[in-house]
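# Observations on the three-dimensional arrangement
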Amino acid sequence: MNEKGKLIIFDTTLRDGEQSPGASMTREEKLRIAKALEKLRVDVIEAGFPIASPGDFEAVQAVARAIRDSRVCGLARALEKDIDCAGEALKDAVSGRIHTFIATSPIHMQQKLRMTPDQVVEQAVWAVKRARNLIDDVEFSAEDAGRSDIDFLCRVFEQAIKAGATTINVPDTVGYNLPDQFGHTIQTLLERIPNADKAVFSVHCHNDLGLASANSLAAVANGARQVECTINGLGERAGNASLEEVVMAVRTRRDLFDCDTELDTTQIVNCSRLVASITGFPVQPNKAIVGANAFAHEAGIHQDGVLKSRETYEIMRAQDVGWVQNRMVLGKHSGRNAFRARLEELGTVFNSEAELNTAFGRFKDLADKKHEIFDDDLQALVNDAGFSSENERVRLISLRVCSETGETPRASVVLSLDGQEQHCSAEGGGPVDAAFKAIESIVGVEAVLELYSVNSLTSGTDAQGEVTVRMQKDGRIVNGQGADTDIVIASVKAYVNAFNKLLQDQEETHVQQGHV
Ligand code: KIV
Ligand code: ZN
């Protein structure tokens, strides 16, 4: 890096991002995203909250074992069992970090923790020391710092640094701050905390008022040197600061910032697509940097200007964030090596030859139905139920639908449920409705379908339809996805995928209660 300082990018897609209702990910999915983040060269990957469930613990452990070039971080409340559990999950990491936190705002201390400010300081110091006994790199966060008293923040941060914290994080947990105010908070902390130079100051902004990226940038302008963010701005409620927005703002306006990141920004679009397709949270077309329209020009006057000189209406180059034409990459005659290589470029690495063979078989089936296979088709193909199959209790064996003008649509479904073949036929308002009813009666889990959406992955009538369903049972929300050139089959795949997640979550919640 030149004379500019380094801005550390701490990605929390796998932890805070996963806290978006319905965004829960399997260990394999987390691993795929972690590998894509490593390729993007993020500095720190927060892989999860190990004490939350055995699944979370295993995911953090798996990411810690697989990642070499980024630091892997695990979250822990300021409690002994959380910190020890995080230390255990991270023990095989090439470089690891424990991130411990306690709330510091009056409302959180009084209503949630029922602790006095003195007790909070004492607990914070104890937690940082405990974590430092396990690992050299410890981050301390003052939860709800955005609504905390500045004098108290100075006190708790000074003590946390003395206790050994190497990063001090200032979260605007409820997204309440405005940019000038938040920037001023960071400036004040850096000026007033006597040992501020012994730690990196970090920010973690939520997007409740749509200001998460703006607040993060204001903090950087005032001396913060780590930003916590997520791909596509995924995260609790309205989400976290969006990685792509923060990184590209700092890069594009390097004239205004005295620091920069070391990210390979050409990986941004791949990461965005991967996260969208794994979580089932599509990216809105007008989303900055990664939305489908981010570099599209509609108005004639703009098109004319761009053709004459790109800079007339574009402040970034599409290729610098990884927008290549969604070109035809593979076709019917492409071989396994070309298939594997292109998927690796898109961030998917196969764990075994068997996994590659299954995905390649599906690719050949798709290539029979569709001449041109685009990147989005490939991404959907590996995300389809079956790629990470170890936890699937429900599998689609066959589907037959009958839909005719003037007749009631009917569907016959054959599923494998826990290894047993089961058949059911049902009628419905349309073929999708009929198929869903048949599936429900086989699976026997009552859940509410909260969202059903179909999105065409590419153009043309032979395009694959990508279906997202969101289901809710007893307050738990899951998203299911499926893609196929036949949208009724895509819908059924999405529904089966959602049921698998609900059934898996049911098992996990059960164990989790005994674990924590
Ligand atoms: O929003 C928040 O305060 C958090 C902390 C755990 C850093 O996610
Ligand atoms: Zn958060």
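Structure: above.
Bear in mind the structure is a predicted one, so any value in this text is a computation, not a measurement.

### Observations concerning the overall build of the protein
The helix and strand inventory of the protein stands at 16 helices and 18 strands. For 516 residues, the compact-globule formula gives about 24 Å, and the C-alpha radius of gyration of the protein, at 24 Å, lands near that figure. Referenced to the eigenvectors of the C-alpha coordinate spread, the extents of the protein come out at roughly 75 × 65 × 40 Å. The burial tally for the protein puts 55% of its 516 residues in the buried class. Contacts in the protein between residues at least 24 apart in sequence constitute 66% of all its contacts with a sequence separation of at least 6.

### Some thoughts on the site of ligand 1
In the region of ligand 1, the neighbouring residues are Arg15, Asp16, His99, Phe101, Ser141, Glu143, Asn169, Pro171, Thr173, His204 and His206. The side chain of Asp16 places a nitrogen or oxygen atom 3.1 Å from an oxygen atom of ligand 1. One of the side-chain nitrogen or oxygen atoms of Thr173 is found 2.6 Å away from an oxygen atom of ligand 1. When ligand 1 sits alone it has 250 Å² of accessible area, and the protein chains cover 94% of it. Among the elements of the structure, strand S5 (96–103), strand S6 (138–143) and strand S7 (167–172) are those that each provide at least two residues to the shell around ligand 1. By residue class, the composition of the shell around ligand 1 is two nonpolar, six polar and three charged.

### Here we look at the pattern of salt bridges
All chains considered together, the criterion is met by 41 salt bridges. As a salt-bridge pair, Arg336 and Glu353 come within 2.9 Å of each other at their nearest N and O atoms. Highlighted residues: Arg336 in helix H12 (residues 336–345) and Glu353 in helix H13 (residues 353–369), separated in sequence by 17 residues. A residue is classified by how much of its surface remains accessible, and Arg336, at 29% relative accessible area, is partly exposed. On the basis of relative accessible area, Glu353 is assigned to the partly exposed category, the value being 42%. Each of Arg71, Arg97, Asp137 and Glu139 takes part in one network of salt bridges that share partners.

### Some thoughts on the coordination of the zinc ion (ligand 2)
Octahedral metal centres with six donors ideally show angles of 90 or 180 degrees, and tetrahedral centres with four donors ideally show 109.5 degrees. The zinc ion (ligand 2) binds to the protein through Asp16 (OD), His204 (NE2) and His206 (NE2); the donor distances cover 2.0 to 2.1 Å. Linear spacing of the donor residues for the zinc ion (ligand 2) on their chain is D-x187-H-x1-H. Taken together, the residues span a long stretch of sequence, with Asp16 in the loop between strand S2 (8–11) and helix H1 (27–40) and His204 in strand S8 (residues 200–205) at a distance of 188 residues. By relative accessible area, His204 is classed as buried at 5%.

### As for a nonpolar patch on the surface
Together, Leu449, Tyr452, Val454 and Ile487 line one region of the surface with nonpolar side chains, adding up to about 320 Å² of accessible area. By the element assignment, Val454 lies in strand S16 (residues 448–456). Residue Val454 is classed as partly exposed on the basis of its relative accessible area, which comes to 41%.

### Points about the sheet that holds strand S14 (residues 410–417)
Pairing between the strands of a sheet is mediated by backbone hydrogen bonds and can be parallel or antiparallel. Strand order in this open sheet of three strands is S13-S14-S15, and the pairing throughout is antiparallel. Pairing within the sheet leaves two strands with one partner each, and these edge strands are strand S13 (394–402) and strand S15 (420–427). Geometrically, the sheet is characterised by an average inter-axis angle of 15 degrees between neighbouring strands, direction not taken into account. The pairing of S13 with S14 spans eight bridges and is classified as antiparallel. Counted as the bridge partner of Arg395 is Ser416 from S14.

### Section: the packing of helix H2 (residues 54–66) against helix H3 (residues 80–89)
Axis separation between H2 and H3 bottoms out at 8 Å; the angle between their running directions is 40 degrees. Considering the angle they form, H2 stands oblique to H3. Along its contact with H2, which presents Phe57, Val60, Gln61 and Ala64, the element H3 presents Cys85, Glu88 and Ala89. For the contact of H2 with H3, the residue count by class is five nonpolar, one polar and one charged.

### Quick look at the packing of aromatic side chains
Throughout the structure, instances matching the rule amount to nine aromatic pairs. Aromatic ring contacts, followed pair by pair, group Phe339, Phe350, Phe360 and Phe363 into a single cluster.

### Observations concerning the sheet that holds S8
If you trace the eight strands once around the closed barrel, you get S2-S3-S4-S5-S6-S7-S8-S9, paired in parallel fashion. Here the average twist between neighbouring strands, direction ignored, is 25 degrees. With four bridges connecting them, S2 and strand S9 (residues 226–229) associate as parallel partners. Each residue of the ladder has a partner; that of Ile8, found in S9, is Gln226. Against the sheet, helix H8 (residues 212–221) contacts S7, S8 and S9, and its axis sits at roughly 165 degrees relative to S8.

### Concerning the side chain of Ser334
Among the secondary structure elements, Ser334 is positioned in the loop between strand S11 (328–330) and H12. Side-chain polar atoms of Ser334 contact the backbone nitrogen of Gly331, separated by 2.9 Å. Setting aside its immediate chain neighbours within four residues, Ser334 contacts Phe360, Phe363 and Lys364.

What counts and how
Residues numbered from 1 in each chain as written. Chains lettered and ligands numbered in written order. Predicted model: local features only at pLDDT ≥ 70, side-chain atom pairs only at ≥ 80, totals over all residues. Heavy atoms only, no water. Helix = DSSP H or I, 4+ residues; strand = E, 2+ residues; numbered from the N terminus. Rg over C-alpha atoms; globule rule 2.2 N^0.38 Å. Buried < 20%, exposed > 50% of the residue type's maximum accessible area, 1.4 Å probe, protein only. Contact = heavy atoms within 4.5 Å. Near = heavy atom within 4 Å. Polar contact = N/O pair within 3.5 Å; in protein donor to acceptor, adjacent residues only side chain to side chain. Areas by Shrake-Rupley, 256 points an atom, 1.4 Å probe, with all protein chains shown as cover. Nonpolar A, V, L, I, M, F, W, Y, C, P; charged D, E, K, R; others polar. Salt bridge = Lys/Arg side-chain N within 4 Å of Asp/Glu carboxyl O. Donors = N, O, S within 2.8 Å, 3.2 Å for Na, K, Ca; no water. Patch = residues over 30% accessible without salt bridge, like charges linked within 9 Å, V, L, I, M, F, W, Y side chains within 5 Å. Pairing = 2+ DSSP bridges. Axes fitted to C-alpha atoms, helices over the stretch in contact; angles between N-to-C directions. Parallel < 35°, antiparallel > 145°, perpendicular 65-115°, else oblique. Phe/Tyr/Trp six-rings, centres within 6.5 Å; stacked < 30°, edge-to-face > 60°.

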